[in-house]
Amino acid sequence: MKTNKRNSFLLLFGVGISTFGDFIYLIAINIFVLKLTGSPAAVAGLWIIGPIATILTKFWSGSIIDRMSKRRLMILTDIFRAVLVAIIPLLPSVWLIYVCLFILSIGKAFFDPASISYITSLIPAENRKQFNSFRSLITSGAFLIGPAIAGVLLLIASAKVAIWINAVSFLVSAYMLFLLPETERLKNQTKAITLAMIKDDWKKVMMFSRDQSYIVIIYFLAQFFWIVALGMDAQEVVFTQKVLGLSEAEFGLLVSIMGIGSIIGSSTVSIFAKKMSIRLLMGLGYIMVAGGYLIYAFSFSFLTAAIGFIVLGYFNSLANTGFLTFYQNNVPLEIMGRISSVFGTFQSMLQIAFVLLIGFTGEIIPLRYSIIGASIFVLAISLLLTLYVYRPARKIYFLEKSQGA
């Protein structure tokens with residue numbers, strides 16, 4: 001038990017310090033590129049690189065992830081990302097920075113699926129729900145505190161220093177992972193990845209999708225929910241300023257309020273994890289997040305928008321914890337990397353499509369109507385997801401060890 005707690009702490013600390021670094025870096029890289037180029041378009045380009053790299057990488061990265069030690073892959077990726085981030089402030093051209101960021105996004109496309117697989121193998125099934133809630137709590141804290149730290153660093157130092165701190169956070173994360181145990185026998189050493197191997201891996205994912213259609217439907221609905229939500233998020237600044245007439249400072253306060261709601265929600269799940277079923281977390285979480293978007297879409301003042309953001313932040317933690325635990329408990333560990341990567345490819349394509357779609361419709365019709373339509377669509381997805389989650393015949397997919405599963 002002590003070993004389990006030690007491993008959980010090391011993993012949470014490693015992931016947490018890296019997440020804090022990411023949010024500091026997020027602010028710093030935008031400021032750095034703006035100062036280097038003076039071009040808002042160059043800054044906008046930063047947001048396109050990630051999805052493009054993901055689409056070009058994820059369709060084959062799972063083939064490597066499932067054939068390598070997840071722990072070793074995460075350590076190597078952390079070190080590689082630390083070196084790349086460290087050299088960004090030394091680069092004289094924005095195009096070289098774009099190349100670095102593209103390679104960093106490829107590293108992230110490996111790290112994220114590998115981390116889900118490693119967490120699943122390291123954390124016992126009965127502890128996953130609470131671990132995921134603590135991880136959500138750390139992410140929420142980083143979302144709230146990270147930009148504030150970045151702001152202080154920009155005041156007392158520079159964007160370069162903030163970026164280098166992110167590089168250090170990757171090294172700390174790598175060291176924490178180094179202290180953790182290996183969870184798999186390396187009987188399946190990585191072979192040269194061929195087109196035939198990738199094709200065969202895709203066939204296995206499709207076979208799993210056919211045989212376990214219920215799991216895939218839950219996965220698709222949950223991810224489709226967030227894809228549409230992301231399309232709305234991309235218009236947040238425009239909506240709050242152009243439609244609600246709020247200032248930049250008020251928008252920043254709204255984001256902070258959502259972060260506080262998320263921290264409180266994650267804390268609630270952490271404390272009551274044993275008493276809250278996966279079904280309850282998913283059903284209540286997704287419906288209430290959709291409710292938060294509806295309140296936001298129909299808001300006419302800072303106060304009503306703030307209520308929507310609090311609801312969004314609070315129940316976002318419940319939804320994410322419930323879904324991630326469901327995913328870890330039902331997808332076989334030996335193909336989890338391939339499942340995450342193949343599905344992630346389609347997810348990235350849909351993300352780009354919906355961000356452009358909601359932005360485009362906002363140009364044709366009033367943006368409020370566009371956001372209201374998207375929020376009603378999100379509510380419909382959440383209701384359909386909840387109906388599937390609460391199907392009596394599918395109860396076995398949500399049983400936990402403490403319940404005799």
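The residue count restarts for each chain, going from 1 along the sequence in the order it is written. Only residues with pLDDT of at least 70 get local features here, since the model is predicted, and only at 80 or more are side-chain atom pairs given and counted; chain-wide, interface and lining totals rely on the full set of residues. Hydrogens and waters are ignored; side-chain quantities use all the structure's heavy atoms.

For the rest of this paragraph, the subject is the overall build of the protein chain. Helical segments are the DSSP runs of H or I of at least four residues, strand segments are the runs of E of at least two, and each set is numbered from the N terminus. Within the protein chain, the regular secondary structure consists of 14 helices and 0 strands. Going residue by residue from the N terminus, the α and β elements of the protein chain occur as α-α-α-α-α-α-α-α-α-α-α-α-α-α. A globule of 405 residues ought to have a C-alpha radius of gyration of about 22 Å, and the protein chain, at 21 Å, matches this closely. Dimensions of the protein chain along its principal axes, counting C-alpha atoms only, are 55 × 50 × 45 Å. Buried means the residue's accessible area, taken with a 1.4 Å probe over protein chains only, is under 20% of the maximum for its type, while exposed means over 50%, and partly exposed covers the values in between. Taken across its 405 residues, the protein chain has 51% of its residues classed as buried. In the protein chain, 87% of the contacts between residues at least 6 apart in sequence involve partners at least 24 apart. Note that accessible areas follow from Shrake-Rupley with a 1.4 Å probe, and for residues the cover is restricted to the protein chains shown. Put simply, the protein chain shows about 18600 Å² of open surface, and 71% of that area lies on carbon and sulfur atoms. This radius of gyration counts C-alpha atoms alone. The globule rule is 2.2 Å times how many residues there are, raised to the power 0.38. Contact between two residues is taken to exist if any of their heavy atoms lie within 4.5 Å; hydrogens are not considered.

The next point concerns a nonpolar patch on the surface. Only residues above 30% relative accessible area that lack a salt bridge enter a patch, with like-charged residues linked at up to 9 Å and the nonpolar side chains Val, Leu, Ile, Met, Phe, Trp and Tyr linked at up to 5 Å. Take a side-chain nitrogen of Lys or Arg and a carboxyl oxygen of Asp or Glu: if they are within 4 Å of each other, that pair is a salt bridge. Side chains of I79, V83, I87, L90, V161, W164, I165 and L171 sit close together on the surface and give an oily, nonpolar patch of about 660 Å² of accessible area. When residues of the nonpolar patch are traced back to their parent elements, those giving at least two are α3 (70–87) and α6 (159–178). Mapped onto the elements of the fold, I79 is located in helix α3.

Below, the discussion takes up the pattern of salt bridges. Enumeration over the complete set of coordinates arrives at 8 salt bridges. Measuring nitrogen to oxygen at the nearest pair gives 3.7 Å for the salt bridge that ties E182 to R71. Pair noted here: E182 is in the loop between α6 and α7 (195–211) and R71 is in helix α3, with a separation of 111 residues, a long-range link. Residue E182 is classed as partly exposed on the basis of its relative accessible area of 31%.

A few words on the nonpolar core. By size, the foremost hydrophobic cluster in this structure holds 64 residues, and its most contacted members are M282 and Y286. Setting aside its immediate chain neighbours within four residues, M282 contacts I218, G322, F323, F326, L385, V389 and F398. Formed by 28 residues, the second largest nonpolar core is a distinct cluster that contains V85, V94, I97 and A162. Put simply, a nonpolar core is a bunch of buried Ala, Val, Leu, Ile, Met, Phe, Trp, Tyr and Cys residues held in one set by side-chain atoms that sit within 4.5 Å of each other.

What follows covers the packing of aromatic side chains. Working definition: rings of Phe, Tyr and Trp (its six-membered ring) pair if their centres are within 6.5 Å, and the pair is stacked with planes under 30 degrees apart, edge-to-face with planes over 60 apart, and tilted otherwise. Per the counting criterion, the structure on display carries 19 aromatic pairs. Taking the centre distance of 5.4 Å and the plane angle of 15° together, the rings of F220 and F224 count as stacked. Placement of both F220 and F224 in helix α8 (residues 213–233) is noted, with a separation of 4 residues, approximately one turn of the helix. An aromatic cluster is built from Y214, F326, Y397 and F398, whose rings are joined through pairwise contacts. Comment: the charge-over-ring label is applied if NZ (Lys) or CZ (Arg) is within 6 Å of the ring centre and within 35 degrees of the ring normal. Between R81 and the ring centre of F111, over which it is positioned, the NZ or CZ distance is 4.5 Å. The positively charged end of R368 is found above the aromatic ring belonging to F300, 4.1 Å away from the centroid.

Tracing the backbone shows A159 in helix α6. Measuring from C-alpha to C-alpha, the distance between A159 and F32 comes to 5.7 Å, with 127 residues separating the pair along the chain. Among all residues touching A159, those that are not within four sequence positions of it are A28, I31, F32 and L154.

What follows is about helix α11 (residues 278–297). Three or four residues apart is the spacing at which side chains of an α-helix point the same way, because the helix has 3.6 residues per turn. Look at α11: 28 Å from first C-alpha to last across 20 residues, which is about the 28 Å you get at 1.5 Å a residue. For α11, the buried fraction is high: 14 of the 20 residues fall into the buried class. The length a helix should cover is 1.5 Å for every residue beyond the first.

Orientation of α8 relative to helix α14 (residues 367–389), taken along the N-to-C sense of each, is 160°, at an axis distance of 10 Å. Comparing their axes, α14 and α8 come out roughly antiparallel. Where α8 crosses over α14, the two elements pack in a sense that is left-handed. Only I371, A374, S375, F377, V378, I381, S382, L384, L385, Y388 and V389 of α14 make contact with α8, whose side of the interface consists of Y214, I217, I218, L221, A222, F224, F225, V228, A229 and M232. Angles shown run from 0 to 180 degrees and are taken between the N-to-C directions of axes, each axis being a line fitted to C-alpha atoms and, for helices, limited to the stretch in contact. Roughly parallel covers angles under 35 degrees, roughly antiparallel covers those over 145, roughly perpendicular covers 65 to 115, and oblique covers all other angles. Crossing handedness follows the turn of the near helix against the far one: under a right angle anticlockwise gives a left-handed crossing, and clockwise gives a right-handed one.

For the rest of this paragraph, the subject is empty space enclosed by the protein. Note on definitions: the grid is 1 Å and covers protein atoms alone; a cavity is a set of points where a 1.4 Å probe fits but cannot get out; a pocket is an open set with protein on both sides within 12 Å along at least five of seven lines; lining residues have an atom within 4 Å of a point. Grid points are joined across faces, edges and corners, and a volume is the space filled by probe spheres set on the points. Across all of its chains, the model carries 1 cavity of 30 Å³ or more by this definition. Considered as a void within the structure, the largest cavity measures approximately 30 Å³ in volume. L10, L11, G14, V15, M74, F111, S173, M176, L177 and L180 together form the lining of the largest cavity. The biggest single contributor to the lining of the largest cavity is helix α1 (residues 2–37), with 4 residues. Residue composition of the lining of the largest cavity, by class: 8 nonpolar, 2 polar and no charged. Residues were grouped as follows: Ala, Val, Leu, Ile, Met, Phe, Trp, Tyr, Cys and Pro as nonpolar; Asp, Glu, Lys and Arg as charged; and all remaining residues, including Gly, as polar.

The next point concerns the side chain of R128. In this structure, R128 sits in helix α5 (residues 125–156). For the buried R128, no salt bridge exists, and the shortest N-O distance to an oppositely charged side chain is 7.5 Å, to E126. For this analysis, a polar contact is any N or O atom pair within 3.5 Å, provided that within protein one partner can donate a hydrogen and the other can accept it, and provided that sequence-adjacent residues contribute only side-chain to side-chain pairs. Among the polar contacts made by the side chain of R128, one reaches the main-chain carbonyl oxygen of T120 at a distance of 2.9 Å. Under the convention used here, Asp and Glu are negative, Lys and Arg are positive, and both His and the chain ends fall outside the count.

Here the focus is the side chain of E236. The residue E236 is located in helix α9 (residues 236–243) in this model. In this view, E236 contacts F251, Y296 and F309; residues no more than four positions away in its chain are not counted.

In the contact formed by helix α4 (residues 94–122) and helix α12 (residues 302–330), the axes pass within 10 Å of each other and the chain directions differ by 70°. When the interaxial angle is binned, α4 and α12 end up roughly perpendicular. Packed against α4, whose contacting residues are I116, I119 and T120, the element α12 presents L324, Y327 and Q328 at the interface. Considering only residue class, the contact of α4 with α12 consists of 4 nonpolar, 2 polar and no charged.

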